[in-house]
Structures are given as structure tokens and as C-alpha cells.
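# Residue-level structure breakdown
Each chain is listed here by its residues.
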Amino acid sequence: MGYYQNCRGLRTKLGLFKCNVAVFNYIFICLTETWLTNSFHDTELGLHNYVVFRCDRSSQSSSFSRGGGVLVAIRNDVVHNLLPSLINNVEYVFVKFYVNNAAYIVCSVYIPPSSPIPVYESFMSAAQYIINANPGFVFIFSGDFNLPDLSWSNDDFGLIYSSSGPAIHCVPDVFAYNNFFQLNLIPNSNSNFLDLVFSNDSRINIEKSVTGVIPCHPYHPALDIMLTFVDDLPSIDSCHKYYNFRKACYPRISAFLSSFNWLETLATTYIDSATCALYDPLHFCVTSFVPLVVFKPSKFPSWFSKNFKNIVFAKKKMHAKYKASRNPVDYNKFSNLRAQYKYYYKKCYKTFLDNTENMLKVNPRLLWDFVRLAMVFPTLSTSMIKVPLILNPSPVFSHLTLTQSICLPQQVAYL
């Protein structure tokens, strides 16, 4: 399942945005009108389970410095790669990813209101090139095209459109030529369709999202993009099993090993036989008296409490139940759990910050040890290093790993 929303600016809403995306499990996320600039690093967004691709506003795409910008985030256990940009006068991102035996290309695009026809033609030329260069792919073009005068419907062969005024015909004509469908049939508060979703797969279903990353603007409802035929995702299996010696039954191990007459056992055999005679009972002790456990890395930020995680699971379960029943009673229960989630998010996050700040007061040297480590890390540029005010509340920093995107530890990405 994917997600789309026109955000109408993220810079002043980052706190709420990070709160909502902390538990997202969408395969991909498409956002338009992010209003971000190059002063905002990807890890400041809190999308810690995703790889983020952005196209922020520039002087080449608009004469206005404020506004615009698009983002595509792909879950980091999904195989993907970014497609190169073909034009620079439109804000868009193309990302290719693979699910089961299907290959997808998702696009997030924003075209400002009253843009001249050549801007639309430029983007549609790039879109046609991508379509021609990738036969057999499922395409998902999502974005704010600002075409309020067009009405949309579909037949068995693709989209059908009509216009109530002057229209930009190149957009619907190119998609209709390629047998694409316009799948978003959820109007905004003015009964218009500004945010559109084009795809060559009519089985994709678009639903109004119950929970947005931020409060929805009346002109831009948040959308869930349902890939209904997806079952199992190809993912990087980071789980592994190990013997937990901390929970081993040492009295039984001691009793078992004491049952042997080791002097007689080892003294009457050759060295190879003695080695086997020693290793065999030791191996039996490990497999019989030491529990084998499965380690699975948590997808939650490190500061989520156990109670908070239980609320997250309950909220997801009730969300699924409401989507299936559309019962107002189920929605009220879901709304209550959502309010609890927001409360505990702020509470746990504040506790995390307080503990970290207290730790730095007690031992500020840990901060500078990390900064020195970052500055000598061979693949990092020292000009990109920013001194973080908050670090992980662990008493030691030896386990920190540096991200290649902004040269800061993964733990800082949650802040």
C-alpha cells in the first residue's frame, strides 16, 4: 500500500509529521508541496524506516523561493533505485521499486497553478520517455497537477476526460494514449480534482486516508493507494538466531557435566578422541540447556516504551477494523486510540530528550568523542558535520553507526 498527500508545507509541522510517520508501514510515500529547502536534511523528517528522495524548489523550477517541492520515500526493505532527472523546470521524482514479481515506477510531481502550457508539455515529454524506456512496469503518477477544469472518468481502455473551460490537453492526451487510468475519484471540498493518480493498472484502488501525516487541507485530501494484489514483499532479512547464555540453565549443565568421570574419560584415549569426548557433551549442553532465541531488529525508534508500542498495535488493529466496517462506533474507538498515541508520543519523546540532556550534563565528553569520530570517518565530509544537541541516551557511544546521507548517527534521525 502507498500513501499520497499534498502537505501545503512541512517546515512548521515537523513535530506532528514525525509523530505520525514514526509507525508508518506503507511501501511508498509520495508528498507534494513540502516547502523544504536544502537546509533540511532527510533524517530530520523522522522517516527512519524509509529511503527519502526529494526535489525541492529551485530557481530553475519556479521564480518563487517559497512553496513547491516533492518527496518520494521507499521503505528500506524494498528493492529500489532512483531514476535520473530529465528536466529541471518541473518538480518531480521517479523511483523504481520491485514487489514480488512486479516492477513499479512511482512518481511524485507538483505543477503550480497557472503554469504555462510548455511546463506541462515538458513534464509529459519526460513521462513519455520513462514509459517508453520501461515496458512491463506498473506506473503510478501521483501529484498536484492543478487542473481543476477537467472532469475524469474511466472505461475499459483508459481514462476519459472533459473540460469546463480552457484546458491543458497534453496531460490527459498522453496518459490516454498510453491506456492509463485516472484513479483518484475522491473530490476536494470544492468538488474538484487537483491531486491526481494516473496508472496503467486499473486494479489499483484509491481510498481516502483516515489518518494523514498532517491535517489535510480542504483542497487536498490524503489518499491511500491500495496495491491489492501484493502479498509478500521481498525484503532484507535482518533476523538471526543465537543461543542466549544469560538464560541458560546452569544447574542442569553442571549436573550433566558432573555425571562424567573426566579423568578416566580423557586419560585413556588419544588426543583426537579426547577432544571429541569433551566437545560432544559440551555441544549437548548448549543445544539442550541454552535457549535458542530469534533476534529481530525493532522498527520502532529506540525511545518507544513497551506501553506505547502496545497502543500502536491496538491503533493499527482498530484502524483496519474501521476500514472494513465503516462503523461509527469503531471510528470512535480508533479516534480514542489515536489521541492516546499522540499523547504517549509526546510523553516518551520528552522523556528521551530529558534523559539525553541529563546524560550530556553528567558526561559532555561523550558528545565530543562522537564529533571527533565523525570528523575522521573516511567516507564523510567534515563540512557536512553538524554538532547534534541531542544524542542517544545510552551511556556509551561505541555502538553508534553513521548514516551516509547526512553524516549523523541513526539515533539522531529520530529527533
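- Looking up the protein chain in an unreviewed UniProt entry gives the name Endonuclease/exonuclease/phosphatase domain-containing protein, with the organism given as Acyrthosiphon pisum.

## Some details on the layout of surface pockets
- In this structure, the second largest pocket encloses a volume near 780 Å³.
- The wall of the second largest pocket is formed by 33 residues, among which Phe 24, Tyr 26, Ser 209, Thr 211 and His 319 lie closest to the centre.
- Sorting the residues of the lining of the second largest pocket by element identifies helix 1 (14–21), helix 7 (306–325) and helix 8 (328–362) as the ones contributing at least two each.
- Broken down by element, the lining of the second largest pocket gets its largest block of residues, 6 residues, from helix 7.
- Looking at side-chain class alone, the lining of the second largest pocket contains 18 nonpolar, 8 polar and 7 charged residues.

## Quick notes on the sheet that holds strand 5 (residues 80–82)
- A sheet is described by the order of its strands in space; here 6 strands give the open sequence 5-6-7-8-12-11, paired in mixed fashion. The outermost strands of the open sheet, each flanked by one partner alone, are strand 5 and strand 11 (181–182).
- Where strand 6 (residues 91–99) and strand 7 (residues 102–110) come together, 9 bridges link them in antiparallel fashion. Note on strand 7: the bridge partner recorded for Glu 91 is Tyr 110.

## Regarding the sheet that holds strand 13 (residues 205–208)
- Ordered in space as 3-4-2-1-14-13, the 6 strands form an open sheet in which the pairing is mixed. In the strand order of this sheet, the two ends are held by strand 3 (50–55) and strand 13, each with one partner. Each adjacent strand pair in this sheet contributes to an overall mean axis angle of 20°, direction not counted.
- Bridge analysis of strand 1 (residues 2–6) against strand 14 (residues 223–226) gives 3 bridges, and the strand direction is antiparallel. The partner of Tyr 3 across the bridge, within strand 14, is Asp 224.

## Overview of the pattern of salt bridges
- This model, assessed by the stated rule, comprises 8 salt bridges.
- The partner of Arg 75 in a salt bridge is Asp 77, and the shortest N-O contact between them spans 2.9 Å.
- Overall, Asp 77 belongs to the buried group, its relative accessible area being 14%.
- Lys 321 serves as the salt-bridge partner of Asp 330, at 4.0 Å between the closest nitrogen and oxygen.
- Here the residues in one salt-bridge network are Asp 42, Arg 54 and Asp 56, joined through shared partners.

## Considering the nonpolar core
- Counting residues in each nonpolar core, the largest one holds 36 residues, and the members touching the most others are Tyr 92, Phe 94, Phe 123, Phe 141, Phe 145, Val 171 and Phe 198.
- Sorting the residues of this core by element identifies strand 6, strand 7, helix 2 (117–133), strand 8 (138–144), strand 9 (150–155), helix 3 (170–177) and strand 12 (195–199) as the ones contributing at least two each.
- Those residues within four positions of Phe 141 in sequence are excluded, and the remaining contacts are Phe 94, Cys 107, Phe 123, Ala 127, Ile 131, Phe 175, Phe 180, Leu 196, Val 197 and Phe 198.
- In terms of nonpolar packing, the next biggest core, distinct from the first, is built from 28 residues, Phe 28, Ile 74, Leu 183 and Ile 206 among them.

## Focus on the environment of Asn 146
- By secondary structure assignment, the location of Asn 146 is in the loop between strand 8 and strand 9.
- As a C-alpha pair, Asn 146 and Phe 193 span 47 residues in sequence and 8.1 Å in three-dimensional space.
- What Asn 146 contacts, discounting residues up to four positions off in sequence, is Tyr 110, Ile 111, Pro 112, Pro 113, Tyr 120 and Leu 194.

## Some thoughts on the packing of aromatic side chains
- One pass over the structure, following the stated rule, counts 34 aromatic pairs.
- Their ring planes at 50° and their centres at 6.2 Å tell us that Tyr 331 and Phe 334 sit as a pair that is tilted. One end of the pair is Tyr 331 and the other is Phe 334, both in helix 8 and 3 residues apart, which spans about a single turn.
- With relative accessibility at 29%, the residue Tyr 331 sits in the partly exposed group.
- Plain terms: the ring middles of Tyr 343 and Tyr 344 are 5.2 Å apart, the flat faces sit at 85° to each other, and that makes the pair edge-to-face.
- An aromatic cluster is defined as three or more aromatic residues linked by ring pairs; in this entry it consists of Tyr 92, Phe 94, Phe 123, Phe 139, Phe 141, Phe 145, Trp 152, Tyr 161, Phe 175, Phe 180 and Phe 198.
- The ring of Tyr 341 is capped by Lys 315, whose NZ or CZ atom sits 5.0 Å from the centre of that ring.

## Looking at the packing of helix 1 against helix 8
- Put simply, helix 1 and helix 8 touch, their axes get as near as 10 Å, and they point 105° apart. Accordingly, the angle class assigned to the pair helix 1 and helix 8 is roughly perpendicular. Contacts between helix 1 and helix 8 involve Gly 15, Leu 16, Lys 18, Cys 19 and Asn 20 from the first element and Tyr 341, Lys 342, Tyr 345 and Tyr 349 from the second.

## Considerations on the pairing of strand 10 (residues 158–163)
- Sheet topology note: the strand 9/strand 10 ladder contains 6 bridges and is antiparallel. When the bridges of strand 10 are listed, Asn 154 appears paired with Leu 159.
- In textbook terms, the turn of a hairpin is the stretch between consecutive antiparallel strands, and for strand 9 and strand 10 this stretch comprises 2 residues.

## Notes on unusual backbone geometry
- With phi around 50°, Asn 146 is a residue other than glycine that occupies positive phi space.
- A residue is classified by how much of its surface remains accessible, and Asn 146, at 14% relative accessible area, is buried.
- At Asn 179, a residue that is not glycine, the phi angle is positive and equals roughly 60°.
- Relative to the elements of secondary structure, Asn 179 occurs in the loop between helix 3 and strand 11.

## Some thoughts on the environment of Cys 55
- Structurally, Cys 55 is set in strand 3.
- For Cys 55, a relative accessible area of 21% translates into the label partly exposed.
- Counting along the chain gives 37 residues from Cys 55 to Tyr 92, while the straight-line C-alpha distance between them is 6.2 Å.
- Those residues in contact with Cys 55 that sit more than four places away from it in its chain are Gly 69, Val 70, Val 90, Glu 91, Tyr 92 and Val 93.

Calculation notes
- Residues numbered from 1 in each chain as written.
- Predicted model: local features only at pLDDT ≥ 70, side-chain atom pairs only at ≥ 80, totals over all residues.
- Heavy atoms only, no water.
- 1 Å grid on protein atoms, 1.4 Å probe; cavity = no way out; pocket = protein on both sides within 12 Å on 5 of 7 lines; lining within 4 Å.
- Points joined across faces, edges and corners; volume = space filled by probe spheres on them.
- Helix = DSSP H or I, 4+ residues; strand = E, 2+ residues; numbered from the N terminus.
- Nonpolar A, V, L, I, M, F, W, Y, C, P; charged D, E, K, R; others polar.
- Pairing = 2+ DSSP bridges.
- Axes fitted to C-alpha atoms, helices over the stretch in contact; angles between N-to-C directions.
- Salt bridge = Lys/Arg side-chain N within 4 Å of Asp/Glu carboxyl O.
- Buried < 20%, exposed > 50% of the residue type's maximum accessible area, 1.4 Å probe, protein only.
- Core = buried A, V, L, I, M, F, W, Y, C linked by side-chain atoms within 4.5 Å.
- Contact = heavy atoms within 4.5 Å.
- Phe/Tyr/Trp six-rings, centres within 6.5 Å; stacked < 30°, edge-to-face > 60°.
- Lys NZ or Arg CZ within 6 Å of the ring centre and 35° of its normal.
- Parallel < 35°, antiparallel > 145°, perpendicular 65-115°, else oblique.

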